[in-house]
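# Examination of the molecular architecture
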Amino acid sequence: MHNTTAMLIELGGIILALGLLGRLAGRVGFSPIPLYLLAGLAFGHGGILPLRASEEFTATGAEIGVILLLLLLGLEYSASELVTNLKTQYPSGLVDFVLNAVPGAVAALILGWGPVAAVALAGVTWISSSGVIAKVLGDLRRLGNRETPVVLGVLVIEDLAMAVYLPILTVLLAGTGLAAGGVTLLISLGTVGAVLYLALRHGRLISRAVSSENAEMLLLVVLGLTLLVAGLAQELQVSAAVGAFLVGIALSGEVAEGASSLLTPLRDLFAAVFFVFFGLSTDPADIPPVLVPALFLAVVTMLTKIATGWYAARRAGIRGAGRWRAGGTLVARGEFSIVIAGLAVGVEPGIGPLATAYVLILVVLGPITARWTEPVARRLGGGPAAPPAPMDQDRAEPTRVEA
């Protein structure tokens, strides 16, 4: 009973603090994500007042937060739009890989960590944080911007690439044979392909089966289906976030609109918990020794991500302002980078603290670059000030095309 009481007190304190921090961020017109992370650092391992009783619950809530973030993103777009994005944006995915994975691999080799650690650190610097970016897009009211499908296309390509990259990395770290690694890879690709096929060919049937005029029933069915598919995807070596995203694109029409309105408050709550947990799981004492290389790597890959977004938006015919917004939005790293570093610490212990410091820097800079890259580019280029977001000429209402 004592543990339950302590957990309730800690959870109440965390949620109350999140509300106050969110209100503060709203008053200054800034994303609350960096404040959530700093709060997590203050009350995590090695922080001012470590929280113990609620740690397990917070970890579960953080997982749910990432899943809901990607589900709500998926609900904004249809399966046909996803396939179109993949067909048109795969060159941007290749540019993304070259510009952002190579700096991590080179840094690992310079530090003398060897080729396997180089593959791992390449993944850390390559993959943007879908969770952070989804939250930033919502905070800045950019889900309807013309460059947002480009950003989502790059993120989806990265997430799907993880279905190939993670099994390969696992095989390299474990030193197992090609046969075992090949089986894992085939399972991952088969899972993604099967879910995409169902979403494309039978999306209407899925929506009809899920549909309900009762808001409570719709909420329970959509949430339960999402968690189930996310868990199965994780079991089959595919990211739970990818599974949740695919559920979102499989739903269409009134079902998607109703589910989005019902799940938005839950998403906001659990997404905030996710960012706090990220800070809670980091010991501040591990950061100073690796701060200089992490800062250098962060600056380099911040610039390469901005270049990636600019290139992808340019290929899609987006105007200058939208190109810079797309680049600034892609800067944040997060959940995948931490997962990759966690897998690799057995081979090279130094990769853990470096990746943590690196991600913390970019997860704080990410919301800042998303907001200010375009105004700074305008000022440096001598262009006129950007109009307010709701009147932006590069903005359009999001539409869904039936699968």
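Here goes a summary of the coordinates provided. Quantities reported herein were computed from a predicted structural model and do not represent experimental measurements.

The interhelical angle for the contact between helix α12 (residues 291–315) and helix α15 (residues 351–381), taken along N-to-C directions, is 40°, at an axis separation of 9 Å. The orientation of α12 relative to α15 falls into the category oblique. At the point where α12 passes α15, the crossing takes the right-handed sense. Contacts from L291, P293, A294, L295, L297, A298, T301, M302 and I306 of α12 reach α15 at L354, A357, Y358, I361, L362, L365, T369 and T373. When grouped by side-chain class, the residues that make up the contact of α12 with α15 number 14 nonpolar, 3 polar and no charged.

So, on to α12. Its 25 residues place the ends of α12 36 Å apart at the C-alpha level, agreeing with the 36 Å of an ideal helix rising 1.5 Å per residue. Turning to α12, its buried residues are A294, L297, A298, T301, M302, T304, K305, I306, T308, G309, A312 and A313.

Attention shifts here to the environment of G352. Along the chain, G352 turns up in helix α15. G352 gets classed as buried once you look at its relative accessible area, which sits at 13%. Measuring from C-alpha to C-alpha, the distance between G352 and A341 comes to 5.5 Å, with 11 residues separating the pair along the chain.

This paragraph deals with the pattern of salt bridges. Summed over all chains, the structure comprises 7 salt bridges. As a salt-bridge pair, D96 and K305 come within 2.8 Å of each other at their nearest N and O atoms. Highlighted residues: D96 in helix α4 (residues 79–110) and K305 in helix α12, separated in sequence by 209 residues. Neither residue differs from the other here; D96 and K305 are each classed as buried. Residue D268 pairs with R267 through a salt bridge whose shortest N-O separation is 3.0 Å. Since its relative accessible area comes to 30%, D268 is described here as partly exposed. Through salt bridges with shared partners, a single ionic network connects E147, R325, E374 and R378.

The rules behind these values
Residues numbered from 1 in each chain as written. Predicted model: local features only at pLDDT ≥ 70, side-chain atom pairs only at ≥ 80, totals over all residues. Heavy atoms only, no water. Axes fitted to C-alpha atoms, helices over the stretch in contact; angles between N-to-C directions. Helix = DSSP H or I, 4+ residues; strand = E, 2+ residues; numbered from the N terminus. Parallel < 35°, antiparallel > 145°, perpendicular 65-115°, else oblique. Left-handed = near helix turned anticlockwise from the far one by under 90°. Contact = heavy atoms within 4.5 Å. Nonpolar A, V, L, I, M, F, W, Y, C, P; charged D, E, K, R; others polar. Expected span 1.5 Å × (residues − 1). Buried < 20%, exposed > 50% of the residue type's maximum accessible area, 1.4 Å probe, protein only. Salt bridge = Lys/Arg side-chain N within 4 Å of Asp/Glu carboxyl O.

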